[in-house]
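# Survey of secondary and tertiary structure
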Amino acid sequence: NAGVTQTPKFQVLKTGQSMTLQCAQDMNHEYMSWYRQDPGMGLRLIHYSVGAGITDQGEVPNGYNVSRSTTEDFPLRLLSAAPSQTSVYFCASSYSFIMGTGTDEQYFGPGTRLTVT
Amino acid sequence: AQKVTQAQTEISVVEKEDVTLDCVYETRDTTYYLFWYKQPPSGELVFLIRRNSFDEQNEISGRYSWNFQKSTSSFNFTITASQVVDSAVYFCALTPLIYNQGGKLIFGQGTELSVKP
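In this numbering scheme, every chain counts its residues from 1 along its sequence in written order. By the order in which they are written, chains take letters starting at A while ligands take numbers starting at 1. Per-residue local features are limited, in this predicted model, to residues with pLDDT of at least 70; the limit for side-chain atom pairs, both in listing and counting, is 80 or more; totals at the level of whole chains, interfaces and linings are taken over all residues. No hydrogens and no water enter the side-chain calculation; it runs on all heavy atoms of the structure.

### Topic: the sheet that holds strand β7 (residues 64-66) of chain A
Residues and elements named next belong to chain A.
- If you walk across this open sheet you meet the 4 strands as β1-β3-β8-β7, and the pairing is antiparallel. Each edge of the open sheet carries a strand with a single partner, namely β1 (4-7) and β7. Averaged over all adjacent pairs, the angle separating strand axes in this sheet is 20 degrees, with direction ignored.
- By definition, two strands form a pair when at least two bridges between them are found by DSSP. The numbering of helices and of strands both runs from the N terminus, where a helix is a DSSP run of H or I of at least 4 residues and a strand a run of E of at least 2. As paired strands, strand β3 (residues 19-25) and strand β8 (residues 76-78) are joined by 3 bridges and run antiparallel to one another. For every element, the axis is a line fit to its C-alpha atoms; helices are fit only across the contacting stretch, and the angle between N-to-C directions ranges from 0 to 180 degrees.

In structure tokens:
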């Protein structure tokens, strides 16, 4: 298994440009999430999905769009990049957390370092 | 509201010292998971432990141990006989154990541990 893969690893954008961060997992996980990591703030949830066709907003969704057309893929779209979106982005996936059953931790991708100038 | 607080921003110790990383959480949910992740200088997130709210047993894994106390809403992490390779940022995280809410990790701000030789 490749686990959770993210592309690209590094990206520089100009203000106003758009782009899509790719995330894929080959573990048949139901749950997928996007986080951003900024210094001193830990990781904050942007959007998450509990299955194909179902997405919801996290703590910091503004400026980002997601869709989940397949179980494997969960792309994150920046429609009009802003300097405030300079960050490291992590995608994660996991099985559903069901009370009383053995469940798994979230698997994180290697991250995408995005700089918006 | 849910919140995770890691009050220690940075800790510096000398090799072989014991060190405890504090984690205090807030949640109204009666069922939840708590996690610790390690982020070494290379940047990836490494899963260390998951504990559910029903299980207050402390856990030991080699030099690592975890103390979960629901009465004080704390989930502290101790490294015994620290080593230089333990130098990293450590994150505590919380997720509700509710259907369709899994995959929503709430992270603390992180504690940067520096172990000097």
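### As for the state of the cysteines
- Two cysteine sulfurs form a disulfide in these notes if their separation is within 2.5 Å. Applying the stated rule across the entire model yields 2 disulfides over all chains.
- Disulfide pairing places A:C23 opposite A:C91 at an S-S distance of 1.8 Å. Residues A:C23 and A:C91 share a disulfide whose torsion about the S-S bond is about -70 degrees; that sign makes it left-handed. Highlighted residues: A:C23 in strand β3 and A:C91 in strand β9 (residues 87-94), separated in sequence by 68 residues.
- Here B:C23 is linked by a disulfide to B:C92, with a sulfur-sulfur distance of 1.9 Å. Handedness of the B:C23-B:C92 disulfide follows from its S-S torsion of about -65 degrees: it is left-handed. Taken together, the residues B:C23 in the loop between β3 (19-21) and β4 (24-26) and B:C92 in strand β10 (residues 88-96) connect sequence positions 69 residues apart.
- The buried label applies to any residue whose accessible area, calculated with a 1.4 Å probe on protein chains only, is under 20% of its type's maximum; exposed applies above 50%, and partly exposed to all values in between. With relative accessibility at 0%, the residue B:C92 sits in the buried group.

### Here we look at the nonpolar core
All names here are of chain B.
- Residues belong to one nonpolar core when they are buried, are Ala, Val, Leu, Ile, Met, Phe, Trp, Tyr or Cys, and are joined through side-chain atoms within 4.5 Å. Core analysis: the largest hydrophobic core is formed by 24 residues, its most contacted members being W36, W66, F75, F77, Y90 and L113.
- Among the secondary structure elements, those contributing two or more residues to this core are β2 (10-14), β3, β5 (32-39), β6 (46-52), β8 (64-69), β9 (74-79), β10 and β12 (111-116).
- Here this core gets 4 residues from one element, more than from any other, and that element is β10.
- Any two residues whose heavy atoms approach within 4.5 Å are treated as being in contact. Setting aside anything within four residues of it in sequence, one finds W66 in contact with W36, L48, I49, N58, E59, S61, F75, N76 and F77.

### Some words on the pattern of salt bridges
Residue and element names in this part refer to chain A.
- One speaks of a salt bridge when a side-chain nitrogen belonging to Lys or Arg is within 4 Å of a carboxyl oxygen belonging to Asp or Glu. In the structure shown here, the tally under the stated rule is 5 salt bridges over all chains.
- With a shortest N-O distance of 2.8 Å, D38 and R44 are connected by a salt bridge. Neither D38 nor R44 differs from the other in exposure class; each is buried.
- A single network of salt bridges, built from pairs that share partners, joins R36, D38 and R44.

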